[in-house]
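# Structural overview
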Amino acid sequence: MSQIRVRFAPSPTGHLHVGGARTLFFNWLFAKKLGGALVLRVEDTDQVRSTRESERMILGDVERLGLDYQEGPNVGGPHAPYRQSERLSLYADYVRRLLAEDRVYYCFCSDELLTQKREAAMKLGRTPHYDGTCARLSKEEAQSRLKQGEKAGLRFRAPQKTYVLQDHVRGRVEFKEGMVGDFLVTRTPGAGEKEIAEGIGFPVYNFCCVIDDHLMEMSHVIRAEEHLSNTVRQLMLYEAFGWTPPEFAHIALVLGSDRQKLSKRSGDVSVFEYIEKGYLPEALLNFLSLLGWWPPAGFKPASGHPEVLSIAELISTFNLEGLQKAPGVFDVQKLQWMNSFYIRSLPAAEIARRAQPFFEGAGFQLEKHSQDWLVKVIEVIRGEVTLLSELPQAAQLFLESTPHLEAEAKVALSEPTALSVVEAMVGTLSANQGPLTVEEVDGLPKRVSTQTGVKGKSLYMPMRAAVTGKIHGPELKLILPILGRESVLKRIQALLTQAR
Ligand code: GLU
């Protein structure tokens with residue numbers, strides 16, 4: 001087969017949606033796996049909804065996910081430009097070709113009239129098709145109406161026959177004759193738009209998509225299932241131009257946990273929001289990859305968990321056969337679980353680096369501390385969090401200047417033997433000098449127990465409460481060496497004062 005070429009073709013109308021991110025990722029994996037190229041094409045012909053700001057946001061989101069592409073708006077490539085709004089003159093040539101072959105006709109029906117007709121058809125329970133009013137106009141009539149300044153779009157004469165698609169996901173898909181009526185390839189220009197050439201109007205998605213997918217030499221189109229109804233129109237255009245269509249894979253819908261199509265209602269939908277909240281791109285991508293795709297049976301990821309696959313494993317196992325027909329359900333709890341898994345398993349230094357903005361955002365000054373120190377803190381606390389944004393709170397203990405005694409810890413310190421336990425602890429810690437080591441702290445409970453005769457919960461609880469102000473948290477032998485001897489002793493004094 002010739003080179004694998006796929007594309008991600010977002011319409012820039014806001015941040016990258018998680019559904020779009022999944023489509024992008026499947027295309028990316030497919031290209032990586034087969035040594036192909038991924039093209040990023042900006043579909044911005046709907047100039048009312050598209051903005052440059054949205055394009056910047058989407059490209060930023062793609063970058064945040066760490067996904068690269070070989071051709072696109074900012075990287076260029078042999079098929080530049082990659083923004084449809086910059087390809088308008090090129091589309092004009094192909095519109096002229098359809099016009100010369102009488103495959104399209106001028107349609108003067110206004111949007112209001114078309115809406116009325118559509119609604120009337122739907123009331124009668126019919127599929128709303130264009131009723132052919134303008135198909136019956138003679139060329140002369142159409143020309144004279146154009147000359148009088150009437151606005152028109154160009155409508156494609158949809159062949160009345162059955163189309164069959166061999167889809168990589170859906171299998172054999174039949175589009176029955178009569179399913180689709182004549183459709184617009186160009187429309188009358190909207191506010192701020194100009195005709196791409198005189199009397200030609202402004203091109204619409206289905207048309208630009210076919211021209212671009214052909215000229216950009218796409219071998220496969222992997223996109224959401226909701227585009228199936230466009231696909232039949234696009235197949236008609238390929239046929240009209242005498243071009244071989246690419247292969248198609250229409251990926252199943254993503255549903256929210258309410259089993260409705262994922263939307264704003266079902267919670268966060270943009271990649272940006274998830275990343276801002278402290279989700280790791282690795283976790284998000286791993287999670288998205290399993291919405292409608294499954295690795296080959298028997299594959300055992302190195303993580304030890306069947307659903308935690310590294311990017312390298314996803315690349316090596318990805319194939320179109322693994323794409324599922326059934327919709328994927330976006331289960332946020334599963335994503336949270338996956339995120340905590342990644343927070344625990346990526347190198348602590350990497351987590352520390354990525355957590356930096358969250359510490360700054362929470363108002364913590366990290367300059368006083370070395371990077372090594374932060375990495376140690378992360379190692380101790382990362383098991384307790386789900387999101388990067390929760391790390392500052394979990395690190396509070398190491399960063400606060402005045403320790404805070406929680407109510408439960410106060411209760412632990414008011415036990416009859418608590419004070420003797422804490423005094424013995426202070427005595428032992430003060431008797432030694434130099435850095436506080438893991439070994440020293442490890443031996444501490446035993447020494448305190450020997451001195452006081454206190455054991456079990458009555459021993460451990462006050463010891464923990466006196467240093468941390470809490471009764472839960474990571475092991476003391478991990479916490480104390482990071483705090484250091486001096487700080488531990490100071491904290492104990494401050495917390496005992498609060499306990500009185
Ligand atoms: N611009 C379309 C969208 O954002 C892409 C359709 C396609 O992939 O062909 O939905």
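Data block above holds the structure.
Predicted model, so just to flag it, every value in this text is computed and none were measured.

## Section: the overall build of the chain
Scanning the chain from N- to C-terminus turns up 21 helices and 12 strands. Taking 500 residues into account, the globule formula puts the C-alpha radius of gyration at 23 Å, and the chain, at 32 Å, lies well above it. With the principal axes as the frame, the chain shows a C-alpha extent of 110 × 50 × 45 Å. A total of 500 residues make up the chain; the buried ones form 51% of that total. In the chain, 75% of the contacts between residues at least 6 apart in sequence involve partners at least 24 apart. Taking the average place of the 60 positive charges on the side chains of the chain and the average place of its 60 negative ones, the gap between the two points comes to 3 Å.

## Considering the packing of helix α9 (residues 281-289) against helix α11 (residues 332-345)
Geometrically, a packed helix pair is captured by the angle between its two axes and the distance between the axes. Their axes nearest at 9 Å, the elements α9 and α11 cross at an angle of 135°. Relative to α11, α9 is oriented oblique. In terms of crossing hand, the pair formed by α9 and α11 is right-handed. Of α11, the residues touching α9 (which contributes E282, A283, L284, N286 and F287) are K334, L335, M338, N339 and Y342. Across the contact of α9 with α11, the residue classes break down as six nonpolar, two polar and two charged.

## Details of the nonpolar core
The biggest cluster of nonpolar side chains holds 111 residues, and the ones touching the most others in it are F330, F359, F398 and L480. A per-element tally of this core places helix α1 (residues 18-34) first, with nine residues. Those residues within four positions of L480 in sequence are excluded, and the remaining contacts are M425, L436, V441, L444, V467 and V488.

## With respect to the environment of A394
When you line up the elements, A394 lands in helix α14 (residues 391-394). Non-local contacts of A394, meaning those with residues more than four positions away in its chain, are made with I381 and V385.

## Comments concerning the sheet that holds strand β4 (residues 153-156)
The strands making up a sheet associate through hydrogen bonds between their backbones, and the pairing can be parallel or antiparallel. The antiparallel open sheet is built from four strands, whose spatial order is β3-β4-β7-β8. Every interior strand has two partners, whereas the edge strands, β3 (104-107) and β8 (202-203), have only one. As paired elements, β4 and strand β7 (residues 183-187) share three bridges and run antiparallel to each other. Along β7, the bridge assignment pairs L154 with T186.

## Some points on the pairing of strand β6 (residues 171-175)
Judged from the five bridges that link them, strand β5 (residues 163-167) and β6 form a sheet pairing that is antiparallel. By the bridge assignment, Q166 is partnered in β6 with R172. What sits between the antiparallel neighbours β5 and β6 is a turn of three residues.

## Some remarks on the pattern of salt bridges
This model, assessed by the stated rule, comprises 34 salt bridges. Between R157 and D102 there is a salt bridge, with its nearest N and O atoms 3.1 Å apart. On the criterion of sequence distance, the pair formed by R157 in the loop between β4 and β5 and D102 in the loop between α3 (88-100) and β3 is long-range, its members being 55 residues apart. Among the residues examined, R157 registers a relative accessible area of 30% and is labelled partly exposed. The residue E350 makes a salt bridge to R353 at a minimum N-O spacing of 2.7 Å. Highlighted residues: E350 and R353, both in helix α12 (residues 348-361), separated by three residues, approximately one helical turn. Put simply, R7, R41, E43, R87, D212 and D213 are held in one network by salt bridges that share partners.

## Examining α11
Note that an α-helix has 3.6 residues per turn; residues three or four places apart therefore point the same way. Look at α11: 20 Å from first C-alpha to last across 14 residues, which is about the 20 Å you get at 1.5 Å a residue. Against the buried residues of α11 lie α8 (271-277), α9 and α12. Where α11 begins, the side chain of D331 points an oxygen toward the backbone nitrogen of Q333, at a separation of 3.0 Å.

## Quick notes on the site of the ligand
Near the ligand the following residues occur: R7, A9, P10, S11, E43, Y205, C209, R223 and H227. Y205 places a side-chain nitrogen or oxygen 2.6 Å from an oxygen atom of the ligand. For the ligand, an oxygen atom lies 3.0 Å from a polar atom in the side chain of H227. Look at the ligand: alone it shows 300 Å² of surface, and the protein chains cover 78% of it. Its residues assigned to classes, the shell around the ligand comprises four nonpolar, two polar and three charged.

## Topic: the packing of aromatic side chains
With the rule as written, the count across this model stands at 13 aromatic pairs. The interplanar angle of 45° and the centroid separation of 5.8 Å between the aromatic rings of Y274 and F330 together place this pair among those described as tilted. Taken together, the residues span a long stretch of sequence, with Y274 in helix α8 and F330 in the loop between β12 (328-329) and α11 at a distance of 56 residues. Exposure remark for Y274: the relative accessible area of 2% places this residue in the buried category. Each ring, one from F287 and one from F330, has its centre 4.9 Å from the other, and the planes form 85°; the classification is edge-to-face. Placement of the pair is F287 in helix α9 and F330 in the loop between β12 and α11, with a sequence separation of 43 residues.

## Examining unusual backbone geometry
Along the chain, A80 connects to P81 via a cis peptide bond; the corresponding omega equals 0°. Relative to the elements of secondary structure, P81 occurs in the loop between α2 (52-64) and α3. Positive phi, close to 55°, is recorded for D102, a residue that is not glycine. Owing to a relative accessible area of 33%, D102 belongs among the partly exposed residues under this scheme.

## Notes on the environment of G292
Tracing the backbone through its elements, the reader meets G292 in the loop between α9 and α10 (311-317). For G292, a relative accessible area of 9% translates into the label buried. Measuring from C-alpha to C-alpha, the distance between G292 and F202 comes to 36 Å, with 90 residues separating the pair along the chain. Apart from the residues lying within four places of it in its own chain, the contact partners of G292 are R22, G322, L323, Q324 and G328.

Conventions we followed
- Residues numbered from 1 in each chain as written.
- Predicted model: local features only at pLDDT ≥ 70, side-chain atom pairs only at ≥ 80, totals over all residues.
- Heavy atoms only, no water.
- Helix = DSSP H or I, 4+ residues; strand = E, 2+ residues; numbered from the N terminus.
- Rg over C-alpha atoms; globule rule 2.2 N^0.38 Å.
- Buried < 20%, exposed > 50% of the residue type's maximum accessible area, 1.4 Å probe, protein only.
- Contact = heavy atoms within 4.5 Å.
- Lys, Arg positive; Asp, Glu negative; His and termini not counted.
- Charge placed at Lys NZ, Arg CZ, Asp CG, Glu CD.
- Axes fitted to C-alpha atoms, helices over the stretch in contact; angles between N-to-C directions.
- Parallel < 35°, antiparallel > 145°, perpendicular 65-115°, else oblique.
- Left-handed = near helix turned anticlockwise from the far one by under 90°.
- Nonpolar A, V, L, I, M, F, W, Y, C, P; charged D, E, K, R; others polar.
- Core = buried A, V, L, I, M, F, W, Y, C linked by side-chain atoms within 4.5 Å.
- Pairing = 2+ DSSP bridges.
- Salt bridge = Lys/Arg side-chain N within 4 Å of Asp/Glu carboxyl O.
- Expected span 1.5 Å × (residues − 1).
- Polar contact = N/O pair within 3.5 Å; in protein donor to acceptor, adjacent residues only side chain to side chain.
- Near = heavy atom within 4 Å.
- Areas by Shrake-Rupley, 256 points an atom, 1.4 Å probe, with all protein chains shown as cover.
- Phe/Tyr/Trp six-rings, centres within 6.5 Å; stacked < 30°, edge-to-face > 60°.

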